[in-house]
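Single-letter residue listing:
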Amino acid sequence: MKKNLLLFLLLTLMSFMCADLYAQEEVVIDENFSAFTEGSESKPATTDISGYSGKLYKTIGWNGSKVYEAGGMLKVADGGKLTTPYMRNMSKTSNIKVTFDVRSLADYGGGVVLKLGYSKSETFLVYDSEWHTMTAIFENASPTNSLEFNPYLAAEGILIDNVKVIASDDLVAAPEALQPLAADETSFTARWKSVSGATYLLDVYTKGVDGAKDYLVKDREETGTSALVEGLVAGNVYYYTVRAKKGETVSDYSNEIEVVEVLESVDAPKALPATNVTETGFTANWEAVAKATRYMVQLTRIETLTESKSVNILDEDFSKVDKGTLTNVDFISSSDIDSYTKVPGWSTYMECVAKGYMGISPYSDNGGFIKTPALNLSHDGGKFTVALNMAEGSFGTYYEGTNVEIRIYNGDSEEPVETKTVVLAKNFKDYTLEFTNGTEGTYVEVYYNGNKKLFVDYITVSQVLSEGDVYSSVVEDRELENVTSTTFEVPLTESVSYSYQVVAYARTVVDGEIDYMPSAPSDVVNVKLTSSSIDGVQETTDNLKVYAENGGIVVELAADAVINVYNAAGQQTASVSGRQGANHISVSSGLNIVKVGAKSAKVLVR
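Caption draft 1: Structural view of a nonpolar patch on the surface. Side chains of Leu125, Tyr127, Tyr152 and Leu153 sit close together on the surface and give an oily, nonpolar patch of about 450 Å² of accessible area. Here Leu153 is to be found in the loop between strand S8 (147–152) and strand S9 (158–167). On the basis of relative accessibility, which here comes to 52%, the residue Leu153 falls in the exposed class.

Caption draft 2: Layout of the sheet that holds strand S39 (residues 552–557). Spatially, three strands are ordered S38-S39-S42 in an open sheet, and the strand pairing comes out antiparallel. One side of each edge strand has no neighbouring strand; the edge strands of this open sheet are strand S38 (545–549) and strand S42 (581–585). Going from strand to strand, the sheet's axes swing by 25° on average, the running direction of each strand aside. Sheet analysis places S38 next to S39, joined by five bridges and oriented antiparallel. Looking at the pairing, Lys545 lines up with Glu556 of S39.

Caption draft 3: Representation of the packing of aromatic side chains in the model. All told, the structure shown has 18 aromatic pairs when counted by the stated rule. Ring plane angle 20° and centroid distance 6.2 Å describe the contact between Tyr205 and Tyr239, whose orientation is recorded as stacked. Placement of the pair is Tyr205 in strand S12 (residues 199–207) and Tyr239 in strand S15 (residues 238–246), with a sequence separation of 34 residues. For Tyr205, a relative accessible area of 1% puts it in the buried group. Among the aromatic residues, those joined into a ring-pair cluster are Phe282, Phe488, Tyr498 and Tyr500.

Caption draft 4: Region of interest: the nonpolar core. If you look at the biggest cluster of nonpolar residues, it comprises 38 residues, and the most contacted ones within it are Leu388, Met390, Ile406, Val446 and Leu454. Per element, the largest residue contribution to this core is five residues, and it comes from strand S32 (residues 453–465). Leaving out residues up to four positions away in the same chain, Ile406 has contacts with Leu388, Met390, Glu418, Thr419, Lys420, Val422, Leu433, Phe435, Val444, Glu445 and Val446. Counting residues in hydrophobic clusters, the runner-up holds 34 residues, among them Leu116, Phe124, Ala154 and Ile158.

Caption draft 5: Local environment of the environment of Val329. By the element assignment, Val329 lies in the loop between strand S21 (309–316) and strand S22 (347–349). Residue Val329 is classed as buried on the basis of its relative accessible area, which comes to 12%. As a C-alpha pair, Val329 and Lys355 span 26 residues in sequence and 8.5 Å in three-dimensional space. Apart from the residues lying within four places of it in its own chain, the contact partners of Val329 are Glu156, Gly324, Cys352, Val353, Lys453 and Phe455.

Caption draft 6: Region of the structure containing the confidence of the model for the protein chain. Of the residues in the protein chain, 94% reach a pLDDT of 70 or more, and the chain-wide mean stands at 89. Every residue in residues 5–22 scores below 50 in pLDDT, and together they form three contacts with partners more than four places removed in sequence or on other chains. In the predicted structure, residues 531–541 sits below a pLDDT of 50 and forms 25 contacts with residues beyond four places in sequence or in another chain.

Caption draft 7: Examining the pairing of strand S4 (residues 94–104) more closely. Across the eleven residues that make up S4, a large majority, nine, are buried. Both S4 and strand S7 (residues 132–141) contribute to a ladder of eight bridges, which runs antiparallel. Bridge pairing in S7 links Val98 to Ala136. In the sheet, S4 pairs with S9 via eight bridges, with the strands oriented antiparallel. Looking across to S9, one finds that Arg103 is bridged to Leu159.

Caption draft 8: Broad picture of the pattern of salt bridges. Scanning the model with the defined rule gives 23 salt bridges in all. Measuring nitrogen to oxygen at the nearest pair gives 3.3 Å for the salt bridge that ties Asp219 to Lys218.

Caption draft 9: How the structure looks around unusual backbone geometry. Its identity is not glycine, yet Lys66 carries a phi of approximately 55°, on the positive side. Within the secondary structure, Lys66 is located in strand S2 (residues 63–69). Residue class for Lys66 comes out partly exposed when judged on its relative accessible area of 36%. Unlike most non-glycine residues, Lys291 shows phi in positive territory, near 75°. Secondary-structure assignment places Lys291 in the loop between strand S19 (281–286) and strand S20 (294–304).

Caption draft 10: Seen up close, the sheet that holds strand S31 (residues 442–448). Sheet architecture is open: five strands sit in the order S22-S25-S31-S28-S29, paired in antiparallel fashion. Bordering the open sheet on either side are S22 and strand S29 (418–423), each of which pairs with just one other strand. Ignoring strand direction, the axes of neighbouring strands in this sheet form an average angle of 20°. When S22 meets strand S25 (residues 368–371), the two strands line up antiparallel, connected through three bridges. Looking at S25, one finds that Ser347 is bridged to Lys371.

What counts as what
Residues numbered from 1 in each chain as written. Predicted model: local features only at pLDDT ≥ 70, side-chain atom pairs only at ≥ 80, totals over all residues. Heavy atoms only, no water. Patch = residues over 30% accessible without salt bridge, like charges linked within 9 Å, V, L, I, M, F, W, Y side chains within 5 Å. Areas by Shrake-Rupley, 256 points an atom, 1.4 Å probe, with all protein chains shown as cover. Salt bridge = Lys/Arg side-chain N within 4 Å of Asp/Glu carboxyl O. Helix = DSSP H or I, 4+ residues; strand = E, 2+ residues; numbered from the N terminus. Buried < 20%, exposed > 50% of the residue type's maximum accessible area, 1.4 Å probe, protein only. Pairing = 2+ DSSP bridges. Axes fitted to C-alpha atoms, helices over the stretch in contact; angles between N-to-C directions. Phe/Tyr/Trp six-rings, centres within 6.5 Å; stacked < 30°, edge-to-face > 60°. Core = buried A, V, L, I, M, F, W, Y, C linked by side-chain atoms within 4.5 Å. Contact = heavy atoms within 4.5 Å. pLDDT = per-residue confidence, 0-100.

Take a look at the structure:
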């Protein structure tokens, strides 16, 4: 009897010891790539060390493709991968924690997809070219699994260093917290993704100026994947995190979520008349919109031609591009294109930039494009001219013979209404093409599907307009924070006016992420230079004949009278004792306003 009891106690002790052994952490991989010293972080080596005959496999047993040494770390090029060996030194199937350092080689950032076997993966994104330490926990990893690192949205590749894998049954994956879809000034519903078999601990807090947390909710246990939180103080900014809990084991904190009010829509602003209108500019005005903190004011220039001539409807030389070179391009987000152009409304795909040039750098079979804003090309029967300067190049070498298509789209059409093909000459060259299908909303697209890069130096779109024709072009999209007016310094004349329209933006949740929701645009406000800025002068030409002649003006009077002349700013520039008949008066060029008694008239002197 005593022997059986002793045996039972011994077996129980051994089971506890085994359980404790399995619960302990096992270091499965700990690699800092110190053996790979060729090249440097800023200039990686150019020899691919992957493959079973490569240095990577022979030295540490790893593999992949497009892998290069980088002075004690590894570069993985776009389209490549870095693969660990099977994790056979794990004692059994277990949960694993993977940490690694990653850096994008492009200033705009990039990402990496970490895969475990064929069915599990996590994606990590960075938005700069700094080093970042990433962590992932995978459940039920097998000794026959390997890990794979793949660049993602990283055309210049990524750097990988300090990969460490730890196995333990006590590892619990942190939940992914989600943006609330219901939130107002006093309550919100927190959300997160589930972790199998876990309950959750919820924290809700505000932050002081020093970052210290003031908790509204601390370690509140939840069994589901959402929770109503009430008692918010209007005007405070709240945050929340959540942790998963299995038994006594608790995960790391989730990502932190900022709580913002969830709006269904934003009211359109009421645009007000312009003030301070002079020949050198004006102030645009609008009423504030509830919940809005940002406004976008679009300024449009409108010109009425006084004679027939060819007009550049668009004239873009990409002189605002200040990044990259023709031998070493830079990559930017397509959403930032308008920062590098004179007028807003451009769109691009597979874009790159070099100082003074906009480029296309395809890395797929779909090619890439540069597309202008919508242009009013409805005059002259829809005929217009596109002139551009471009070349195909790669690392300072230029090529010839590749086809580039110049496509014309009207309105929302998905198919081009007119296409012309240019066969590129070697080096930069001017190309001029004539089109016949212009409308009030025409887009011009440069499409390139080569395997190098296409650089565009400038693009001009011109059209012949007749006397009296009116054409307009967007001059600027101005983004402003928490204001209800802005001043534009632009020249106004009798033939050149402007209009503006305002869109309000409120910070809220859009498609599950914090973003700015736009309102509908305000009504359009037209701004014209008139004589209303001069006290006592009425805009009328009854019985008063005034016209420009030989760089001055002629005022014809039915009887003797004093003639006063003002500029567009309301300043008096001449006062003449006029005689019956024609009176010749020397004035400055520009808009002049003539007043005789209670009558007035405007005349433009060129």
